[in-house]
Amino acid sequence: MRGCERAAPGIRARETLQKGLEKAIQEILQNTQGKDTPTALDILIESGKEHGKELTMQELKDGTLELIFAAYATTASASTSLIMQLLKHPRVLEKLREELRSKGILHNGCICEGSLRLDNINGLQYLDCVIKEVLRLFTPISGGYRTVLQTFELDGFQIPKGWSVMYSIRDTHDTAPVFKDVDVFDPDRFGQGRSEDKEGRFHYLPFGGGVRTCLGKHLAKLFLKALAIELASTSRFELATRTFPRITLVPVVHPVDGLKVKFFGLDSNQNEILTGTDAMLGATV
């Protein structure tokens, strides 16, 4: 019985989520006018039709849930890499805070009410550079697979139709001639004065490329930006171990034993909010 009792809240939460998704899907299906670009749901429906199948509501809900949660591991990886780089580069963190102040988002140590609108977040150019540089150096996954649709030749080698080929995102970022000092964490490389990612189509591809680029890339970048704003605005944080952990690349980029960090809340005067015990401040990400 205890196991059932523990599972009950999760089951109820799932049912609530399913009902909400069904309502949202029905509204989208009924409102087909005035769309400039297809949504992920539109693409999912069209994919079913291409294979001669009309997806059921349950299949649409399952597919939508997969789109929402499939990037959990990769987003967790990128979030951890972001925190680690802000720990290693305090000047980058302070420059980020300066941008938040200059844009009216951070004032007297607090996030201004109503300032975290999508247009405001997208207007934070230095924040965008920071996220891009994290994803360049610490792309969560190493590459992707494609099926060859037509036989072609590459550097004197014939690649037959039907073969599966893998492209390496990490190696591309490491060897792309457009990036200077590839091992250095330097968000300014993506600034207006340099724009190293603009020199060529496929030198920078943390979310893959072509028609099968990651559908969730905009949501993932928005999540990382929101995390960076929260970290820069409302807390001070420091490494809880003597040295930074060793990084492994499989199955996604992550610290071998986690990244242990202490977070300290800040009041409106940027003073630390004292807690009863240090245990309350520790966190592993």
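Located above this text is the structure these notes cover.
Residues numbered from 1 in each chain as written. Predicted model: local features only at pLDDT ≥ 70, side-chain atom pairs only at ≥ 80, totals over all residues. Heavy atoms only, no water.

J.: Could you clarify how one ought to interpret the packing of helix 4 (residues 72-88) against helix 9 (residues 217-234) in this entry?
T.: Any two packed helices are characterised by the angle at which their axes cross and by the distance between the axes. At a minimum axis distance of 10 Å, the contact between helix 4 and helix 9 shows a crossing angle of 35 degrees. Handedness of the helix 4/helix 9 crossing: right-handed. Across from Thr75, Ala78, Ser79, Leu82, Ile83 and Leu86 in helix 4, the residues of helix 9 making contact are Phe223, Leu224, Leu227, Ala228 and Leu231. Across the contact of helix 4 with helix 9, the residue classes break down as 9 nonpolar, 2 polar and no charged. (Axes fitted to C-alpha atoms, helices over the stretch in contact; angles between N-to-C directions. Helix = DSSP H or I, 4+ residues; strand = E, 2+ residues; numbered from the N terminus. Left-handed = near helix turned anticlockwise from the far one by under 90°. Contact = heavy atoms within 4.5 Å. Nonpolar A, V, L, I, M, F, W, Y, C, P; charged D, E, K, R; others polar.)

J.: It is not clear to me how unusual backbone geometry should be interpreted in this structure. Could you clarify?
T.: Peptide bonds are mostly trans, and most non-glycine residues show a negative phi. The residue after valine 250, namely proline 251, is reached through a cis peptide bond having omega -5 degrees. By secondary structure assignment, the location of proline 251 is in the loop between strand 8 (247-248) and strand 9 (254-255). A positive phi angle, near 50 degrees, is found at aspartate 155, a position not held by glycine. Looking at the secondary structure, you find aspartate 155 in the loop between strand 4 (152-154) and strand 5 (157-159). Residue classification places aspartate 155 among the exposed residues on the basis of a relative accessible area of 71%. Of note, the phi angle at aspartate 181 is positive, near 50 degrees, even though the residue is not glycine. The topology assignment puts aspartate 181 in the loop between helix 8 (169-175) and helix 9. Taking the relative accessible area as the measure of exposure, aspartate 181 reaches 61% and is therefore exposed. (Buried < 20%, exposed > 50% of the residue type's maximum accessible area, 1.4 Å probe, protein only.)

J.: Explain the packing of aromatic side chains here, please?
T.: Working definition: an aromatic ring pair is given by the centre-to-centre distance plus the angle between the planes. Applying the stated criterion to the full structure yields 4 aromatic pairs. On the numbers, 6.4 Å between centres and 75 degrees between planes, the contact of phenylalanine 179 with tyrosine 204 is edge-to-face. Residue phenylalanine 179 is found in the loop between helix 8 and helix 9, and its partner tyrosine 204 is found in the loop between helix 8 and helix 9; the two are separated by 25 residues along the sequence. With relative accessibility at 5%, the residue phenylalanine 179 sits in the buried group. Counting every residue linked through ring pairs, the aromatic cluster contains Phe179, Phe190 and Tyr204. Geometry around phenylalanine 179 places arginine 136 over its ring, the cationic atom sitting 5.4 Å from the centre. Sitting over the face of the ring of phenylalanine 264, arginine 236 holds its NZ or CZ atom 4.4 Å from the ring centroid. (Phe/Tyr/Trp six-rings, centres within 6.5 Å; stacked < 30°, edge-to-face > 60°. Lys NZ or Arg CZ within 6 Å of the ring centre and 35° of its normal.)

J.: Is there a simple way to think about helix 4 in this case?
T.: The periodicity of an α-helix, 3.6 residues per turn, causes residues three or four places apart in sequence to face the same way. The end-to-end C-alpha distance of helix 4, which contains 17 residues, comes to 24 Å, matching closely the 24 Å that a straight helix rising 1.5 Å per residue would cover. Counting buried residues along helix 4, 12 of its 17 residues qualify, which places the element largely inside the surrounding structure. Buried within helix 4 are the following residues: Thr75, Ser77, Ala78, Ser79, Thr80, Ser81, Leu82, Ile83, Met84, Gln85, Leu86 and Leu87. (Expected span 1.5 Å × (residues − 1).)

J.: Mind showing me how you'd approach the pattern of salt bridges here?
T.: Once their charged atoms are close, side chains differing in charge can pair, the charge on each being opposite to the other. Throughout the structure, instances matching the rule amount to 15 salt bridges. A salt bridge links glutamate 46 to lysine 49; the nearest nitrogen and oxygen atoms lie 3.8 Å apart. With a gap of 3 residues between them, glutamate 46 and lysine 49 both fall in helix 2 (residues 40-50), about one helical turn apart. Glutamate 46 sits in the partly exposed class, given a relative accessible area of 40%. The class of lysine 49 is partly exposed, set by a relative accessible area of 43%. For aspartate 128, the salt bridge is made with lysine 225, and the minimal N-O distance between the two is 3.2 Å. Here lysine 225 lies in helix 9 and aspartate 128 lies in helix 7 (residues 125-137), a separation of 97 residues in the sequence. Here aspartate 128 matches lysine 225 in class, with each residue buried. Put simply, Glu133, Arg136, Asp186, Arg189, Arg194 and Glu196 are held in one network by salt bridges that share partners. (Salt bridge = Lys/Arg side-chain N within 4 Å of Asp/Glu carboxyl O.)

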